[in-house]
Structures are given as structure tokens and as C-alpha cells.
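Read off the chains here:
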Amino acid sequence: DARVTQTPRHKVTEMGQEVTMRCQPILGHNTVFWYRQTMMQGLELLAYFRNRAPLDDSGMPKDRFSAEMPDATLATLKIQPSEPRDSAVYFCASGLPLAGDGNEQFFGPGTRLTVL
Amino acid sequence: AQKVTQAQTEISVVEKEDVTLDCVYETRDTTYYLFWYKQPPSGELVFLIRRNSFDEQNEISGRYSWNFQKSTSSFNFTITASQVVDSAVYFCALSETSGSARQLTFGSGTQLTVLP
């Protein structure tokens, strides 16, 4: 049963600390997305990659957020320095958007981040 | 730009009642995909259905049914004979196919509470 995995599931940190969230996409999926969910903004796209190359990261605050895919099995989202307003659930999703495909995305369980 | 509107923020029904969750979308694309996801209290996002813009046939899956109407840009979701386990937040989402964009644009979600 192929699934997207995310670590850690929960993270509590203090303002100013660096936070790294990791995602392992489903093997063979070539597109990875990072979403953030907050009560105020709902689910919003932060960044997405295709074949490990960033296609769009316009949803991310550039000064503190960075997203990378060191290899096809790992995507990372870093926040440095973290701020209380970054508290949210961060979801990773992977997919295989071939022509004619429904662009279905499979979501990981999320990382619940709390910045004190 | 694409947009998804779920006007119902919260709905409360008594078990065994039927309930319809509304979804209205906006897009300039002629080819696009619509989705429904369920987010139970545990927090994960569970895929329910995908529909492409060329297929307006309604779909039924057990107690779930979906009514796609291109003329009104709506993709409504009905749960028949609701159960307590249906209590969750339900998200409607849209994915366009033009360009390289494949991200999902989510509605704000509808919190469904099914009372025993």
C-alpha cells in the first residue's frame, strides 16, 4: 500500500529556531507539492516540484522558507527562522500528472508545527 | 485564475438524514479536474472522487453521490443516510491543465457534523 510519508508528525519549537520537515513521495511519482493548512487561510499551496525541479514556489515567504528535493525519494521544507505565525499543518502530496491524467494527488498525514 | 467556493461553512444533521455539500468553481480552462477530499478529525486528507470536465455523468458510490453541472459550474456532493462517521471537513478542489500548473486549488471546506 503505497503512501506518502511525512516526518515529523508533530513539531513544537521556539521562535527563531530552524524547522525541517521531510516528505517521502510515493515511488514513481514525479510531482511533489507542499501545502499549508491554517484556520485563517485554509489549504494553500506553498511550492511544487516536477522531476525534482521547482516549478513554482510563489506561495512561500522567500525570506524564511525554502523547499528542495535532494533526490527523487525526499522532499524537504525548511523554515529559518521560524515565527509563531508559521504554526500550521504542512501537507506534502505527490502525483503523476501525465497527459489525460486526473492529476490526482496523494497526501501525506501532515506535520503539525507549533512555534511558540 | 481558478477559484473554488464552498459557501456552507458548517452543516449539522441528524443521523440517517441526507445532506448535500455545495461546490462552485471558476476556471478559464476548458479541460480541468474536480475533486472532493474528506478530512476527518484525525487530520489526514482522504481522496473521495475525481471528475474531468468532459464527463458530466453523475456518479454514485455507496452512500455518496456527486452531481456535476457544467452549466452552473457546480460539483455538489450528497451523502445519503448520513452516519456519525461521516463527520469531517469536506473540501472541494480544482486542478487546471493549462501550462505546467497541476496544483489543487481548494475551497474553504464544509464542516459536517452528524449527530446520533
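Structure first, text after, so check above.
The rules behind these values
- Residues numbered from 1 in each chain as written.
- Chains lettered and ligands numbered in written order.
- Predicted model: local features only at pLDDT ≥ 70, side-chain atom pairs only at ≥ 80, totals over all residues.
- Heavy atoms only, no water.
- Pairing = 2+ DSSP bridges.
- Helix = DSSP H or I, 4+ residues; strand = E, 2+ residues; numbered from the N terminus.
- Axes fitted to C-alpha atoms, helices over the stretch in contact; angles between N-to-C directions.
- Disulfide = S-S within 2.5 Å.
- Buried < 20%, exposed > 50% of the residue type's maximum accessible area, 1.4 Å probe, protein only.
- Salt bridge = Lys/Arg side-chain N within 4 Å of Asp/Glu carboxyl O.
- Polar contact = N/O pair within 3.5 Å; in protein donor to acceptor, adjacent residues only side chain to side chain.
- Core = buried A, V, L, I, M, F, W, Y, C linked by side-chain atoms within 4.5 Å.
- Contact = heavy atoms within 4.5 Å.
- Phe/Tyr/Trp six-rings, centres within 6.5 Å; stacked < 30°, edge-to-face > 60°.

Enquirer: Looking at this model, I keep getting lost on the sheet that holds strand E8 (residues 74–79) of chain A. Mind explaining?
Expert: All names here are of chain A. The strand order E1-E3-E8-E7 describes an open sheet built from four strands, whose pairing is antiparallel. Looking along the sheet, the strands with just one partner apiece sit at the ends: strand E1 (5–7) and strand E7 (65–71). Neighbouring strand axes in the sheet, compared pairwise and without regard to direction, differ in orientation by 20° on average. Bridging between E1 and strand E3 (residues 19–24) involves three bridges; their strand directions are antiparallel. Each residue of the ladder has a partner; that of Thr-7, found in E3, is Arg-22.

Enquirer: Help me understand the state of the cysteines, please; the structure alone is not making it clear to me.
Expert: By definition, a disulfide links the sulfur atoms of two cysteines through a covalent bond. All names here are of chain A. Tallied over the entire structure, the rule returns two disulfides over all chains. A sulfur-sulfur distance of 1.9 Å marks the disulfide that ties Cys-23 to Cys-92. In this structure the cystine formed by Cys-23 and Cys-92 twists about its S-S bond by roughly -60°; its chirality is therefore left-handed. Placement of Cys-23 in strand E3 and of Cys-92 in strand E9 (residues 88–95) is noted, with a sequence separation of 69 residues between them. On the basis of relative accessibility, which here comes to 1%, the residue Cys-23 falls in the buried class.

Enquirer: I'm lost on the pattern of salt bridges in this one. Help?
Expert: Residue and element names in this part refer to chain A. Applying the stated rule across the entire model yields eight salt bridges over all chains. Between Arg-36 and Glu-44 there is a salt bridge, with the nearest N and O atoms lying 3.2 Å from each other. The exposure class assigned to Arg-36 is buried, which follows from its relative accessible area of 11%. Overall, the relative accessible area of 21% leaves Glu-44 in the partly exposed class. Among the ionic contacts, a cluster of salt bridges with common partners joins Arg-64, Glu-83, Arg-85 and Asp-86.

Enquirer: Explain the side chain of His-29 of chain A here, please?
Expert: All names here are of chain A. As for its position among the elements, His-29 is in the loop between E3 and strand E4 (31–38). The exposure class assigned to His-29 is buried, which follows from its relative accessible area of 16%. At a separation of 2.7 Å, a polar atom in the side chain of His-29 contacts the side chain of Ser-94. Here the side chain of His-29 touches Gly-95 through a polar contact of 3.3 Å, landing on its backbone nitrogen.

Enquirer: Teacher, can you tell me more about the nonpolar core here?
Expert: The tendency in soluble globular proteins is for nonpolar side chains to be buried as a group. Core analysis: the biggest nonpolar cluster contains 24 residues, and Trp-36, Trp-66, Phe-77, Tyr-90 and Leu-112 of chain B have the highest contact counts within it. Taken together, the elements giving at least two residues each to this core come down to strand E2 (10–14), strand E3 (19–21), strand E5 (32–39), strand E6 (46–52), strand E8 (64–69), strand E9 (74–79), strand E10 (88–96) and strand E12 (110–115) of chain B. In terms of residue count, E10 of chain B provides more of this core than any other element does, four residues in total. In contact with Leu-112 of chain B, other than residues within four places in its own chain, are Ile-11, Val-13, Val-19, Ile-79, Asp-86, Ser-87, Ala-88 and Tyr-90 of chain B. In this structure, Val-4, Ala-47, Cys-92 and Val-115 of chain A belong to the second largest nonpolar core, which totals 22 residues.

Enquirer: In this structure, what is going on with the packing of aromatic side chains? I would like to understand it.
Expert: Each aromatic ring pair is specified by the distance between its two centres and by the angle formed by the two planes. Applying the stated criterion across every chain yields a total of 20 aromatic pairs over all chains. Relative to Tyr-37 of chain B, the ring of Phe-107 of chain A has its centre 5.2 Å away and its plane inclined at 80°; by these criteria the two rings are edge-to-face. Here Phe-107 of chain A, found in strand E10 (residues 105–107), pairs with Tyr-37 of chain B, found in strand E5, and the two come from separate chains. In this pair, the class of Phe-107 of chain A matches that of Tyr-37 of chain B, namely buried.

Enquirer: In this structure, what is going on with the environment of Ala-2 of chain A? I would like to understand it.
Expert: Residue and element names in this part refer to chain A. Relative to the elements of secondary structure, Ala-2 occurs in the segment before E1. For Ala-2, a relative accessible area of 55% gives the class exposed. In this structure, the C-alpha to C-alpha distance between Ala-2 and Ile-26, residues 24 residues apart in sequence, is 6.0 Å.

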